[in-house]
Amino acid sequence: GTLRTSDPAVQVVVISTPGVCINGTIGVCDLPLLAHKDLHDIQELNGVQWVNENDANAMCIGLVHAYPDTDTAALVFQPAAELIGCGIVIHGRLYNGTSHQAGEMRYLPWGTEEEKKERTKKEPARMLAESMGALAAVLDPDLIAWTSELTNEKLHPETYGIRLDPHIQIVHVQDKDSLPE
């Protein structure tokens, strides 16, 4: 495919996809059409570097730009179609994990994939709160942000018996497209 850009201010193009992204190849993906696709045929975009990144990771990068005093952060994304994912920044750097699957909350042991999908549809706020609790316990971040295509209700993790340390700032990103690029 050919993608063109002529704006000299554009230095990098980020191709954000809802799946595991490894060096220009999409692995497990929420969109079956993109699953296991190699994007290397794109090569260069008129001399502009491009990067393929997971959608939650791209949002988390924008989040830390919006909150520059944040050292360690997680952004929990609950899409309408699939299970929760999250982007993680530790000490100012995006954390992908050894196999680029860090943040794939679908792998948490909370039942089968079908059970998790059903719970997410029935109790989206609880699933968000449980995800936030797991991240808080493992990462102890400065900030956890969340955005959801399923609920906009005010989220109080303690309602579900989840304790978050008071130092953790909780941010609701109502418009995920409003995060800095």
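Residues numbered from 1 in each chain as written. Predicted model: local features only at pLDDT ≥ 70, side-chain atom pairs only at ≥ 80, totals over all residues. Heavy atoms only, no water.

1. A short note on helix H3 (residues 124-139)
Taking 1.5 Å per residue as the helical rise, H3 with its 16 residues ought to reach 22 Å, and the 22 Å between its terminal C-alpha atoms agrees with that figure. Looking only at H3, the buried set comprises Pro124, Ala125, Met127, Leu128, Ala129, Glu130, Ser131, Met132, Gly133, Leu135 and Ala136. Summarising the contacts, the buried residues of H3 are in contact with strand S5 (73-78), strand S6 (85-90), helix H2 (113-122), strand S8 (143-148) and strand S9 (169-172). Downstream of H3 by one or two residues, aspartate 140 has phi in the positive range, about 50°. (Helix = DSSP H or I, 4+ residues; strand = E, 2+ residues; numbered from the N terminus. Expected span 1.5 Å × (residues − 1). Buried < 20%, exposed > 50% of the residue type's maximum accessible area, 1.4 Å probe, protein only. Contact = heavy atoms within 4.5 Å.)

2. Section: helix H1 (residues 55-66)
Taking 1.5 Å per residue as the helical rise, H1 with its 12 residues ought to reach 16 Å, and the 17 Å between its terminal C-alpha atoms agrees with that figure. Listed in full, the buried residues belonging to H1 are Asp55, Ala56, Asn57, Met59, Cys60, Gly62, Leu63 and Val64. N-capping of H1 is provided by asparagine 54, with a side-chain oxygen placed 2.8 Å from the backbone N of alanine 56. (Polar contact = N/O pair within 3.5 Å; in protein donor to acceptor, adjacent residues only side chain to side chain.)

The analysis is restricted to geometry; functional conclusions fall outside its scope.
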